[in-house]
Amino acid sequence: MNPYEELANAIVLKAVKDYREALGILRYNPNDKDASISKEEIEQFFRSGWFGLLTKLDPEMLISRLHKEVA
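Right, let's walk through the structure included here. (Residues numbered from 1 in each chain as written. Predicted model: local features only at pLDDT ≥ 70, side-chain atom pairs only at ≥ 80, totals over all residues. Heavy atoms only, no water.)

### Points about the packing of helix H2 (residues 33–46) against helix H4 (residues 59–70)
Note the threshold: Only the stretch in contact is used when fitting a helix axis, every axis being a line fitted to C-alpha atoms; angles between N-to-C directions are given from 0 to 180 degrees. Segments assigned H or I by DSSP are reported as helices when at least four residues long, segments assigned E as strands when at least two residues long, and all are numbered from the N terminus. Any two residues whose heavy atoms approach within 4.5 Å at even a single point are treated as in contact. Residue classes follow a fixed rule: Ala, Val, Leu, Ile, Met, Phe, Trp, Tyr, Cys and Pro count as nonpolar, while Asp, Glu, Lys and Arg count as charged, and any other residue, Gly among them, counts as polar.
At a minimum axis distance of 9 Å, the contact between H2 and H4 shows a crossing angle of 145°. Mapping the contact onto sequence places Lys39, Glu43 and Phe46 in H2 and Pro59, Leu62, Ile63, Leu66 and His67 in H4. Looking at side-chain class alone, the contact of H2 with H4 contains five nonpolar, one polar and two charged residues.

### Let's talk about the nonpolar core
For clarity, the cut-off: Throughout this description, the term nonpolar core refers to a set of buried Ala, Val, Leu, Ile, Met, Phe, Trp, Tyr and Cys residues connected via side-chain atoms within 4.5 Å. Only protein chains enter the area calculation, which uses a 1.4 Å probe; residues under 20% of their type maximum are buried, those over 50% are exposed, and those in between are partly exposed.
Ranked by size, the top nonpolar core spans 15 residues in total, and within it Val16, Tyr19, Phe45, Phe46, Phe51, Leu62 and Leu66 carry the most contacts. Mapped onto this core, the elements with two or more residues apiece are helix H1 (3–28), H2, helix H3 (49–54) and H4. When near neighbours in sequence (up to four residues on either side) are disregarded, Leu62 contacts Val16, Phe46, Phe51 and Leu57.

### Description of the pattern of salt bridges
Under the convention used in this document: The salt bridge definition used is simple: a Lys or Arg side-chain nitrogen within 4 Å of an Asp or Glu carboxyl oxygen.
Going through the model one piece at a time under the given rule, you end up with six salt bridges. Between Lys14 and Asp18 there is a salt bridge, with its nearest N and O atoms 2.9 Å apart. With Lys14 and Asp18 both in helix H1 and four residues apart, the pair spans about one turn of that helix. Classification of Lys14 by relative accessible area gives partly exposed; the value is 44%.

### Examining the packing of aromatic side chains
Note the cut-off: Think of it this way: a Phe, Tyr or Trp ring, Trp meaning its six-membered ring, pairs with another when their centres are within 6.5 Å, and the plane angle makes it stacked under 30 degrees, edge-to-face over 60, tilted otherwise.
Under the definition given, this model contains four aromatic pairs. With 5.4 Å between their ring centres and 70° between their planes, Tyr19 and Phe46 make a pair best called edge-to-face. Pair noted here: Tyr19 is in helix H1 and Phe46 is in helix H2, with a separation of 27 residues, a long-range link. Using a relative accessible area of 0% as the deciding quantity, one classes Tyr19 as buried. Its relative accessible area of 1% is what places Phe46 among the buried residues. Ring centres of Phe45 and Phe46 lie 6.0 Å apart, and the angle between their planes is 45°; this geometry places the pair in the tilted category.

### Quick word on the side chain of Lys39
Position of Lys39 among the secondary structure elements: in helix H2. When sequence neighbours within four positions are dropped, the list of residues in contact with Lys39 reads Tyr19, Ala22, Leu23, Leu26 and His67.

### A short note on H1
Condition: Expected helix span is taken as 1.5 Å per residue step, with the number of steps being one fewer than the number of residues. In protein, a polar contact requires one atom able to donate a hydrogen and another able to accept it; more generally it is a pair of N or O atoms within 3.5 Å, and residues adjacent in sequence count only if both atoms are side-chain atoms.
Along its 26 residues, H1 runs 38 Å from first to last C-alpha, staying within 8% of the 38 Å computed at 1.5 Å per residue. Among all positions in H1, only Ala8, Val12, Ala15, Val16, Tyr19, Ala22, Leu23 and Leu26 are buried. At the N-terminal end of H1, a side-chain oxygen is found 2.8 Å from the backbone nitrogen of Tyr4, two or three residues along, and the residue is Asn2.

All quantities given are derived from atomic positions and should not be read as evidence of function.
Have a look at this one:
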């Protein structure tokens, strides 16, 4: 794997980690404003062209799986 692929993977993995964290917080505190904002921003990232350049993952499938994982 070249350094660019490693960087792209690290960016995606960090977003996934942050999304899991936001979902976990919202699970127990649905009114947490910071977690809600983070969740929305990360979903925008997942659905962005930038995300599409970094990975071939289907963003909707990823979001769905992460929701199921945290639920």
